[in-house]
Amino acid sequence: MKKTVILVCVLLFAFSQVYAVFNDYIPSARARGMGNAYIAGVTSPDAIFYNPACLHFSTNGVTAGYAKGFGLDFFVLKTGAFKYVIPKIGTFAMGIKTMDCEYQDVVLQSEGTYSIAQSFLLIGDVHSELFLGYALNMYYLQFSESVSGMKPGEEMNFGVDLGAVAILHQRTKIAFAVKNLNNPVIGEEQTEDLPQSLTIGVAYEPYEGVTTEINLKQKFSEKTEVHFGFEYQLINNFWLRTGASTYPNSFSGGFGLLVRGVKFDYGFGTHPVLDVTHHFSLGYQF
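This is a predicted model, so every value here is computed, not measured. By convention here, each chain's residues receive numbers from 1 onward along its written sequence. Only residues with pLDDT of at least 70 are given local features in this predicted model, and only at 80 or more are side-chain atom pairs given and counted; all residues enter the totals for whole chains, interfaces and linings. Based on all heavy atoms of the structure, the side-chain values leave hydrogens and waters out of the count.

Peer 1: Looking at this structure, how should I read the packing of aromatic side chains?
Peer 2: When we look at a pair of aromatic rings, we describe it by the centre distance and by the angle of the planes. For this analysis, a ring pair means two rings from Phe, Tyr or Trp (six-membered ring only for Trp) whose centres lie within 6.5 Å, classed as stacked if their planes differ by under 30 degrees, edge-to-face if by over 60, and tilted for the remaining angles. In this structure the tally under the stated criterion is 13 aromatic pairs. Between Tyr38 and Tyr50 the ring centres are 5.0 Å apart and the planes differ by 85 degrees, which places this aromatic pair in the edge-to-face class. Taken together, the residues span a long stretch of sequence, with Tyr38 in the loop between helix H2 (29-33) and helix H3 (47-50) and Tyr50 in helix H3 at a distance of 12 residues. For the pair Tyr38 and Tyr50, a shared accessibility class is recorded, and that class is buried. Residues Phe264 and Phe280 carry aromatic rings whose centres are separated by 6.5 Å and whose planes lie at 35 degrees to one another, so their mutual orientation is tilted. Highlighted residues: Phe264 in strand S15 (residues 262-269) and Phe280 in strand S16 (residues 277-285), separated in sequence by 16 residues. Note on exposure labels: buried denotes an accessible area under 20% of the residue type's maximum, exposed denotes more than 50%, and partly exposed covers the range between, all computed with a 1.4 Å probe on protein chains only. Judged by its relative accessible area of 31%, Phe264 falls in the partly exposed class. Lys173 extends its terminal NZ or CZ atom over the ring of Phe57, reaching a point 4.1 Å from the ring centre. Lying over the aromatic face of Trp239, Lys263 brings its terminal NZ or CZ to 5.0 Å of the ring centre. Counting from the N terminus, the helices are the DSSP runs of H or I reaching at least four residues and the strands are the DSSP runs of E reaching at least two. Sitting over a ring, as applied to charges here, requires NZ of Lys or CZ of Arg to be within 6 Å of the ring centre and within 35 degrees of the ring normal.

Peer 1: Can you walk me through the nonpolar core in this structure?
Peer 2: Among soluble globular proteins, nonpolar side chains are generally buried collectively. Counting residues in hydrophobic clusters, the biggest one holds 22 residues, and the most contacted among them are Ile48, Cys54, Phe57 and Val165. Every element with two or more residues in this core is listed here: H3, strand S5 (128-143) and strand S6 (153-168). Looking at this core, the element that brings in the most residues is H3, giving 4 residues. For our purposes a nonpolar core is just a set of buried Ala, Val, Leu, Ile, Met, Phe, Trp, Tyr and Cys residues, chained together by side-chain atoms within 4.5 Å. Counting 8 residues, the second largest nonpolar core, distinct from the first, contains Phe74, Phe75, Leu77 and Cys101.

Peer 1: Can you help me understand the pattern of salt bridges in this one?
Peer 2: Side-chain pairs of opposite charge can arise whenever the charged atoms involved come near each other. Salt bridges, as used here, are contacts in which a Lys or Arg side-chain nitrogen is within 4 Å of a carboxyl oxygen on Asp or Glu. Throughout the structure, instances matching the rule amount to 6 salt bridges. Residues Lys219 and Glu225 are paired through a salt bridge, measuring 3.2 Å at the closest nitrogen-oxygen approach. Assessed through its relative accessible area of 7%, Lys219 is described here as buried. With relative accessibility at 5%, the residue Glu225 sits in the buried group. Linking Asp265 and Arg241 is a salt bridge whose minimum nitrogen-to-oxygen distance equals 2.8 Å. Taken together, the positions of Asp265 in strand S15 and Arg241 in strand S13 (residues 238-245) put the pair 24 residues apart, joining distant regions of the chain. Like Asp265, the residue Arg241 is buried in the burial classification. By sharing partners, the salt bridges in this structure join Arg30, Glu231, Arg241, Lys263 and Asp265 into a single network.

Peer 1: Explanation requested: the pairing of strand S7 (residues 172-179) in the structure shown.
Peer 2: In the case of a regular strand, side chains alternate between the two sheet surfaces. Extensive coverage of S7 is indicated by the burial of 6 of its 8 residues. One ladder, built from 7 bridges, connects S6 with S7; its direction is antiparallel. Pairing of Val165 across the sheet is with Ala175, part of S7. DSSP calls a pair of strands paired once it identifies at least 2 bridges connecting them. Hairpin remark: S6 followed by S7, antiparallel, with 3 residues in the connecting loop; positive phi at His169, about 55 degrees. Pairing geometry for S7 and strand S10 (residues 197-204), over 8 bridges, is antiparallel. Paired with Thr172 across the two strands is Tyr204, which belongs to S10.

Peer 1: Sorry, what's going on with the environment of Gly133 here?
Peer 2: Along the chain, the position of Gly133 falls in strand S5. For Gly133 and Ser119, which are 14 residues apart along the polypeptide, the C-alpha to C-alpha distance reads 4.0 Å. Contacts: residue pairs with any heavy atoms within 4.5 Å of one another. If sequence neighbours within four positions are ignored, Gly133 has contacts with Pro52, Ala53, Gln118, Ser119, Asp161, Leu162 and Gly163.

Peer 1: I'm lost on the pairing of S15 in this one. Help?
Peer 2: Here strand S14 (residues 250-259) pairs with S15 via 8 bridges, running antiparallel. When the bridges of S15 are listed, Leu257 appears paired with Phe264. Between S14 and S15, which follow one another and run antiparallel, lie 2 residues, and Arg260 among them has a positive phi close to 50 degrees.

Peer 1: Sorry, what's going on with the side chain of Glu155 here?
Peer 2: Tracing the chain through its elements places Glu155 in strand S6. Setting aside residues no more than four positions away along its own chain, Glu155 makes contact with Tyr139, Tyr140, Leu141, Phe143, Ile186, Gly187 and Glu188.

Interpretation note: all reported values are geometric properties and have no functional meaning in isolation.
In structure tokens:
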């Protein structure tokens, strides 16, 4: 049975187009509900995982997320992020993202990404502003079975993410984000490149309470992904969301609720072959 679980883990990686460890697992429930179109309009501490420049627009607070990949009990994603503005110093954030493949309380493979980030205003006037941001990531991989083709053990390396977002006339945001700019690898005897990507996106708010966003994401040596998301504030402090994406083709939806500073988000995403992934997050704004 243990070998079966290992095989399923490998198949999941293949079906998800996860050609390497530490790839995109959609760490935000809100983003999942919006088709993962999230690099320009993100307004939560989760910006550390998408575009560190957008941390400037995020509320001070903490958030934690949980998802079972494709509804499977042994394929678990957990995230946490914290953002705070330090007067006269700047906007800072910390984040953690783990993906575990486990069986009978034994972790067969565990990926951990530990991040710190900062965003700051570069230039601005009454009509437009440009913000930059960076994130420093430590990647830690531990595995007890040869799921990834490497020998059982531990590996670690570091990566650098960069991002920018420009605000045009208050309603339009144009952003880009680069993942693993320094081209890190993991492993010693058998190395594996950590995934790199470039994403550009545009978020537009035609009316107050309505947000649309479209992203184009290019992973090196792969086809360009298209992500589209829509969010509508139905009533005060309650949002409905939907979205779609390509490679693999997926449809998504979800909602968000804010009560006395406590934020709850739910999102789901379909898959052309596997079951639906349900994603939950809970946060506090202060």
